[in-house]
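If you want the building blocks of each chain, they are given just below.
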Amino acid sequence: MSKPDDLYRLHRLLDGRRSTISRQALMDELAISRSKLTRLITDLRNQLGAPLIFDAAYNGYRYDTADGHHPLPGLWFTSAELHALITLNHLLQTLQPGLLDSALAPIRTRIDALLQTEHLGSGEAHKRIRILAMAARAKDMRHFQIVAGAVLQRKRLTIQYYNRDRSQTSEREISPQRLTHYRDNWYLDAWCHQKKGLRIFAVECIRQATTLEKTAKTVPDATLNRQLASAYGIFAGQPVATAILRFTARRARWIADETWHPKQQSRWLEDGRYELSIPYSNDKELIMDILKYGADVEVIAPDALKEAVKIQLDAAASQYRHGDTPCSGFEPEP
């Protein structure tokens, strides 16, 4: 951790305590050495002006204040908290137009004020910390408000939904269950009354939405998680297969630090390559992620996935061999 993080963690252990805490307890809680704790105590006193004393009568440290509290100058965050705050601010700004625009405006104002504190760069945070949405699509979110309202109010919807695969628009009556924000896009988990099953709808593909007076059918969370959240990516569902991928030793150093799926399994091979096993139900999004690693990844199993990736690679290569040979279509969303 960084030094500011360690100072903040030490402060948290001390702030508001009416009793002392021993040196050994501080070392154990912070998982640091005695010498590092001594440096942190010195910095907390000298750099941040904390009234930190060693109470010999109780053989421990405490803040020398009436209630044990001492506010640090400015507003302090750990690196994880700062990232969460910046991410939240960014996410709130991407909701427009949305159900919560007016309700969240005061929250955005408060967050902006927090990010302008001295500790976070005197108003520089919004310029100095960036969250990039790469390859984000232009989105038609005009129906987000109606969709979100139906989710929260437990009402059914009739929607006109555009299917990119077939380039067709169909009408559905659905019972919204929950909204998911994934890779800079909003998706709606819903029970489709025509198909009599759970489906995932891209909110940007909803061309028309009307709220009905009917109460939405409620699907238990356990069912939603089992059918929609147990496999790879937004095309989740009951896993039908496990992809086994092998990455080159060069790429392995990056892949080993990534989480592709909560239930993934991995192992290092003797030659430095890295093998990753991922359960999945629909291979579309998985193939997209495999393709972006080019020659640095090999699909070991299953054979169907290996063949699907090969078809895409052959189609791509054919464009460079013949120039005008169309590649087989591939669209990541329903």
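Per chain, residues are indexed from 1 in the order of the written sequence. Local features in a predicted model are, by the rule used here, given only for residues with pLDDT of at least 70; side-chain atom pairs are given and counted only at 80 or more, and totals for whole chains, interfaces and linings are based on all residues. Note: side-chain values were computed over all heavy atoms of the structure, leaving out hydrogens and water.

Colleague: Would you explain the pairing of strand S3 (residues 155-163) in this entry?
Modeller: Remark: a regular strand shows side chains that alternate across the two faces of the sheet. The sheet contact formed by S3 and strand S7 (residues 206-215) spans six bridges and is antiparallel. By the bridge assignment for S7, Gln160 is matched with Gln208. Two strands make a pair as long as DSSP finds a minimum of two bridges between them. Numbering of helices and strands runs from the N terminus; a helix is a DSSP stretch of H or I covering at least four residues, while a strand is a stretch of E covering at least two. Both S3 and strand S4 (residues 168-182) contribute to a ladder of seven bridges, which runs antiparallel. Looking at S4, one finds that Asn163 is bridged to Gln168. The antiparallel pairing of S3 with S4 creates a hairpin that spans four residues between the two strands, and Ser167 there sits at a positive phi of about 55°.

Colleague: Any chance you could explain the nonpolar core here in plain terms?
Modeller: Nonpolar side chains in soluble globular proteins tend to be buried together. Within this scheme, the nonpolar core is defined by two criteria: the residues are buried Ala, Val, Leu, Ile, Met, Phe, Trp, Tyr or Cys, and they are joined through side-chain atoms within 4.5 Å. Relative accessibility thresholds used throughout: buried, under 20% of the residue-type maximum; exposed, over 50%; partly exposed, between the two (1.4 Å probe, protein chains only). Core analysis: the biggest nonpolar cluster contains 27 residues, and Ile159, Tyr161, Ile174, Leu188 and Phe201 have the highest contact counts within it. Elements with a contribution of two residues or more to this core: helix H7 (144-153), S3, strand S5 (185-192), strand S6 (197-202), S7 and helix H8 (221-228). Ranked by residue count, the leading element in this core is S5, at six residues.

Colleague: Mind showing me how you'd approach the sheet that holds S7 here?
Modeller: One key point about sheets: their strands pair by backbone hydrogen bonds, in either a parallel or an antiparallel sense. The strand order across the open sheet built from five strands is S6-S5-S4-S3-S7, with neighbouring strands paired in antiparallel fashion. Each edge of the open sheet is held by one strand with a lone partner, namely S6 and S7. Neighbour-to-neighbour, the strand axes of this sheet turn through a mean angle of 45°, independent of strand direction. Sheet topology places S4 next to S5; eight bridges connect them, and they run antiparallel. Directly across from Leu179, in S5, lies its bridge partner Leu188. We call two residues contacting when some pair of their heavy atoms lies within 4.5 Å. Axes here mean lines fitted to C-alpha atoms, for a helix over just the part in contact, with angles spanning 0 to 180 degrees between N-to-C directions. The sheet strands contacting H8 are S4, S5 and S6, and the helix crosses S6 at an angle near 70°.

Colleague: What exactly am I supposed to notice about the sheet that holds strand S8 (residues 241-247) here?
Modeller: Spatial ordering of the open sheet is given by S9-S10-S8-S11, a layout of four strands whose pairing is antiparallel. Single-partner strands in this sheet number two, and they are strand S9 (265-268) and strand S11 (297-301). Going from strand to strand, the sheet's axes swing by 25° on average, the running direction of each strand aside.

Colleague: I tried to follow the pairing of S8 on my own but got confused; where do I start?
Modeller: Here S8 pairs with strand S10 (residues 274-280) via seven bridges, running antiparallel. Bridging from a neighbouring strand, Phe247 pairs with Tyr274 of S10. Pairing geometry for S8 and S11, over four bridges, is antiparallel. Paired with Phe247 across the two strands is Val297, which belongs to S11.

Colleague: Help me understand helix H2 (residues 23-30), please; the structure alone is not making it clear to me.
Modeller: Because an α-helix completes one turn every 3.6 residues, residues spaced three or four positions apart along the sequence face the same direction. Of the residues making up H2, those classed as buried are Arg23, Leu26, Met27 and Leu30. In an axial view of H2, the angular spread of the buried residues amounts to 100°, which keeps them on one side of the axis. Across H2 from its buried face, at more than 90 degrees, point the exposed residues Asp28 and Glu29. One or two positions beyond H2, positive phi appears at Ala31, with a value near 55°. Each C-beta atom gives one direction from the helix axis, and the arc is the one those directions make.

Colleague: Is there a simple way to explain the pattern of salt bridges in this structure?
Modeller: Side chains that differ in charge, positive against negative, can pair when their charged atoms come close. We define a salt bridge as a contact between a side-chain nitrogen of Lys or Arg and a carboxyl oxygen of Asp or Glu at a distance within 4 Å. For the structure shown, the criterion picks out 15 salt bridges. Residue Lys36 pairs with Asp6 through a salt bridge whose shortest N-O separation is 2.8 Å. In this pair, Lys36 is assigned in helix H3 (residues 34-46) and Asp6 in helix H1 (residues 3-14), connecting sequence segments 30 residues apart. Since its relative accessible area comes to 4%, Asp6 is described here as buried. In this structure, the salt-bridge partner of Asp64 is Arg62, at a minimum N-O distance of 3.6 Å. What you see here is one network of salt bridges that share partners, running through Asp6, Arg9 and Lys36.

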